[in-house]
Amino acid sequence: MSGTTFPYKTVRDVDVSDKQILIREGYDMPLNEDGTIADDFRIAASLPTLNYLIERGAKIVLISHMGRPGGEIQEKLSLRPVADNLSEKLGRAVKFVPDCVGEAVQLATKNLAPGDVVLLENLRFHGQEERNNRDFAEQLAKDSHADLFVEDGFSVVHRAHASTAAITEFLPSVAGLLLETEYVEIKSAIDDPKRPLTAVLGGAKISDKIPLVKKFVEIADNIVVGGAMANNFLKFRGINVASSKVEPDQDDIIREILDVAEGKFGADFSEKFILPSDVAIAPHGDPNEDRIEINLSENPLYGEAKIFDLGANTIDQICEVIRASATVIWNGDLGIDTTPQFSHASSRVALELTKNPHIVSVIGGGDTADFVRDWDAQKGGSFTHVSTGGGASLELMAGDVLPGIAALMPKS
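Residues numbered from 1 in each chain as written. Predicted model: local features only at pLDDT ≥ 70, side-chain atom pairs only at ≥ 80, totals over all residues. Heavy atoms only, no water.

A. Structural context of the overall build of the protein chain. The number of helices and strands found in the protein chain is 13 helices and 15 strands. A compact globule built from 412 residues would reach a C-alpha radius of gyration of about 22 Å, and the protein chain, at 23 Å, matches this within 12%. Its C-alpha atoms give the protein chain principal-axis dimensions of roughly 70 × 45 × 40 Å. Counting across all 412 residues of the protein chain, residues that qualify as buried make up 57%. With 40 positive and 63 negative side-chain charges, the protein chain shows a spacing of 4 Å between the two charge centroids. (Helix = DSSP H or I, 4+ residues; strand = E, 2+ residues; numbered from the N terminus. Rg over C-alpha atoms; globule rule 2.2 N^0.38 Å. Buried < 20%, exposed > 50% of the residue type's maximum accessible area, 1.4 Å probe, protein only. Lys, Arg positive; Asp, Glu negative; His and termini not counted. Charge placed at Lys NZ, Arg CZ, Asp CG, Glu CD.)

B. Quick look at the nonpolar core. In terms of nonpolar packing, the biggest core is built from 45 residues, with Phe216, Phe233 and Phe273 touching the most fellow members. Taken together, the elements giving at least two residues each to this core come down to α5 (177-191), β7 (197-201), α6 (210-219), β8 (222-225), α7 (229-236), α8 (251-265), β14 (360-363) and α12 (391-398). Leave out the neighbours within four places in its chain, and Phe273 touches Val217, Ile223, Val225, Phe233, Ile257, Leu258 and Ala261. (Core = buried A, V, L, I, M, F, W, Y, C linked by side-chain atoms within 4.5 Å. Contact = heavy atoms within 4.5 Å.)

C. Just the sheet that holds strand β5 (residues 148-151), in detail. Strand order in the open sheet formed by 6 strands is β3-β4-β2-β1-β5-β6, with parallel pairing between adjacent strands. Single-partner strands in this sheet number two, and they are β3 (94-97) and β6 (173-175). Here the strands of the sheet are splayed against their neighbours by 25 degrees on average, with no regard to which way each runs. When β3 meets strand β4 (residues 117-120), the two strands line up parallel, connected through 4 bridges. In the sheet register, Val94 faces β4, and the bridge partner there is Val117. (Pairing = 2+ DSSP bridges. Axes fitted to C-alpha atoms, helices over the stretch in contact; angles between N-to-C directions.)

D. Spotlight on the packing of aromatic side chains. In the structure shown here, the tally under the stated rule is 7 aromatic pairs. Measuring from ring centre to ring centre gives 5.3 Å for Phe308 and Phe342, while their planes differ by 70 degrees; the resulting arrangement is edge-to-face. Pair noted here: Phe308 is in strand β12 (residues 306-310) and Phe342 is in the loop between β13 (327-331) and α10 (344-355), with a separation of 34 residues, a long-range link. Put simply, the rings of Phe6, Tyr8 and Tyr183 pair up and form one aromatic cluster. Here the guanidinium or amino end of Arg56 rests over the ring plane of Tyr52, the centre of that ring lying 3.6 Å away. (Phe/Tyr/Trp six-rings, centres within 6.5 Å; stacked < 30°, edge-to-face > 60°. Lys NZ or Arg CZ within 6 Å of the ring centre and 35° of its normal.)

E. Just empty space enclosed by the protein, in detail. Taken as a whole and judged by the stated rule, the model has 1 cavity of 30 Å³ or more. Together, Glu25, Gly26, Tyr27, Arg42, Ser46, Asp152, Gly153, Phe154, Ser155, Leu178 and Thr388 line the largest cavity. Within the lining of the largest cavity, the residues separate by chemical class into 3 nonpolar, 5 polar and 3 charged. (1 Å grid on protein atoms, 1.4 Å probe; cavity = no way out; pocket = protein on both sides within 12 Å on 5 of 7 lines; lining within 4 Å. Points joined across faces, edges and corners; volume = space filled by probe spheres on them. Nonpolar A, V, L, I, M, F, W, Y, C, P; charged D, E, K, R; others polar.)

F. Structural view of the packing of α5 against α12. The contact between α5 and α12 brings their axes to 9 Å, and the two run at 40 degrees. Judged by the angle between their axes, α5 and α12 are oblique. When you trace α5 past α12, the crossing you get is right-handed. Residues Glu182, Tyr183, Ile186, Lys187 and Ile190 of α5 pack against Ser393, Leu396 and Met397 of α12. Per-class residue counts for the contact of α5 with α12 are 5 nonpolar, 1 polar and 2 charged. (Parallel < 35°, antiparallel > 145°, perpendicular 65-115°, else oblique. Left-handed = near helix turned anticlockwise from the far one by under 90°.)

G. Summary view of the sheet that holds β12. Here we have 3 strands laid out as an open sheet, ordered β11-β10-β12, and antiparallel in their pairing. Every other strand in the sheet has two partners, leaving β11 (292-295) and β12 as the edge strands with one partner each. Between one strand axis and the next, the sheet turns through 45 degrees on average, direction left out of account. In this structure, strand β10 (residues 278-282) lies alongside β11, joined through 4 bridges in antiparallel fashion. Bridge pairing in β11 links Ala280 to Glu293.

H. Examining the environment of Gly57 more closely. With respect to the secondary-structure elements, Gly57 resides in the loop between α1 (41-55) and β2 (59-63). Residues Gly57 and Ala113 lie 56 residues apart in sequence; the distance between their C-alpha atoms is 8.3 Å. Among all residues touching Gly57, those that are not within four sequence positions of it are Val16, Ser17, Asp18, Lys19, Pro114 and Gly115.

So, in structure tokens, the structure goes:
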């Protein structure tokens, strides 16, 4: 897609043969009621790095977190199911250790053979992890008998935690293949895109995406705003959104964004900065209700009515813009995508991208990635890149420095 390169050392740049390698993975994923893994996308994404290292005779110790246990042991957030799933995918036994530091870890990792894989228990069962505690990071390094640290959990590199930041003070630290791919694909689409570049932005909160919206107003040729985030723009423009979700105290930032858009695209920028002209509502605010579409110029919203999706005219306008694009970056659901009748906009955007494979399509992580993988028969394979990171992809797109990447050894 471009000449974008990864500026830090990766597993390809160091000798990994017979080395004991501590790998930070992003194995935080949804679980079923019975504790089994509901979606193993992030496990599958880690396989290229693991297979690369196994083929070269490395000894592997994996660390990750699951959920938000707040420093307390919670059996429902154990990584044990990950070990079972990973064993099947790798075709070899993955030994599980019920802690991530201490004597049990020291014993389990002391005499590993080339190709052995060990998974340690949830890092966040220890409160020091999220506090970026140096002593805890040093213990992780020592108890695992590691020679090298590999950061491959893209979904956590925007956090300065013990296992992403402080750990690099105690071990030579490089990136895995997943982290390299995520960085190159996302940065290429942002820094050197094929044009026209269209940004499709949705989700619930505008406050979560202020830097990203500002970035795209600066660099994109077209911007689409949907999801509950669009409600704030509509309300700012004097449209009654009834009981639809809006975020308070965002008028100043919306005014700033619209002023910048007008300065870039001109006074009539509605074809370049696309806001809903029609929407789909639930008259009584229940997402299980039937879909009713209304034209916002007629503005019949009242009472309990809530906007839950874009309307057909707006969707057609978006699809027309996408067809004329060379790169599309999509971050944020455009409707209530867990409900079929309010997932029309997201479904149509996904369809338009897959119908036009010449378009470079980069899908931000989180709910958007979950949606397109569920929608796509190829589980996301129909798109150029589907990210494993939610907050990390947002911050990387916005141009932020990600602590878990910046702490790695530079190439030069």
